[in-house]
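Residue-level listing of the chains:
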Amino acid sequence: MSEHPVVLVHPPRGDGGRRVTVHGEAVGAATNLADVVEFLRRAGLEFDENEVAASPLVEWRGGGPSYWGPESRL
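Here, residues in each chain are numbered from 1, in the same order as that chain's written sequence. Where totals are concerned, whole chains, interfaces and linings use all residues; where local detail is concerned, this predicted model gives features only for residues with pLDDT of at least 70, and gives and counts side-chain atom pairs only at 80 or more. Note that the side-chain values use all heavy atoms of the structure and ignore hydrogens as well as water.

The next thing to look at is the overall build of the protein. Regarding its fold elements, the protein presents 2 helices and 4 strands. Runs of H or I in DSSP of at least four residues are treated as helices and runs of E of at least two as strands, each being numbered from the N terminus. The order of α-helices and β-strands along the protein, N terminus first, is β-β-β-α-α-β. Referenced to the eigenvectors of the C-alpha coordinate spread, the extents of the protein come out at roughly 35 × 20 × 20 Å. Every one of the 74 residues in the protein was classed for burial, and the buried ones make up 38%. In this analysis, two residues are considered to be in contact whenever any of their non-hydrogen atoms come within 4.5 Å of each other. Residue pairs in contact within the protein that sit at least 24 positions apart in sequence constitute 46% of those at least 6 positions apart. When the accessible area of the protein is evaluated, it comes to approximately 4400 Å², of which 50% is carbon and sulfur surface. Each residue gets one of three labels from its accessible area relative to the maximum for its type: buried under 20%, exposed over 50%, partly exposed in between, using a 1.4 Å probe on protein chains only. Computed with a 1.4 Å probe, the accessible areas rest on the Shrake-Rupley method; for each residue, only the protein chains presented here act as cover.

Written out as structure tokens, the structure reads:
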């Protein structure tokens, strides 16, 4: 596997969900970290929640793995 991000978790949308893409292909809209893990499992990538949160293969845009919006970041 490459050391470059293959998974992109997009910034939170107005409804609080975040789009997830794998190798540029949309795989779903996550509302929590467990959703991201499940989308990756379906795409053939096995990560647990801790690995997804810290992996260099996952790029988090618009906030890290604990931010799902749309509430303000405190």
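Moving on from the coordinates now.
This part takes up the sheet that holds strand β4 (residues 58–60). One open sheet accounts for 4 strands, arranged β3-β2-β1-β4; its pairing is mixed. The two strands at the open ends of the sheet, each matched to only one other strand, are β3 (25–30) and β4. Each strand axis lies, on average, 20 degrees off the axis of its neighbour in the sheet, ignoring direction. What makes two strands pair is DSSP finding at least two bridges between them. With 3 bridges joining them, strand β1 (residues 7–9) and β4 adopt parallel strand pairing. By the bridge assignment for β4, Val-9 is matched with Trp-60. Axis lines are fitted to C-alpha atoms, over the contacting stretch for helices. Their N-to-C directions set the angle, which ranges from 0 to 180 degrees. Where helix α1 (residues 33–42) meets the sheet, its contacts fall on β1, β2 (18–22), β3 and β4, and the angle it forms with β3 comes to roughly 150 degrees.

Given two aromatic rings, one states the distance between the centres and the angle between the planes to describe the pair. Paired rings are identified among Phe, Tyr and Trp, the last through its six-membered ring, by centres lying within 6.5 Å, and are further divided according to the angle between planes into stacked (under 30 degrees), edge-to-face (over 60) and tilted (the rest). All chains considered together, the criterion is met by 1 aromatic pair. Ring geometry for Trp-60 against Trp-68: centres 6.0 Å apart, planes inclined by 85 degrees, an arrangement best described as edge-to-face. Among the residues examined, Trp-60 registers a relative accessible area of 16% and is labelled buried. The lysine or arginine in question, Arg-18, covers the ring of Trp-68, its NZ or CZ lying 5.4 Å from the ring centre. Working rule: Lys NZ or Arg CZ, within 6 Å of ring centre, within 35 degrees of ring normal, means a charge sits over the ring.

Backbone geometry at His-23 places phi at a positive 50 degrees, although glycine is not the residue there. Turning to its location among the elements, His-23 is positioned in the loop between β2 and β3.

Geometry only, nothing functional implied.
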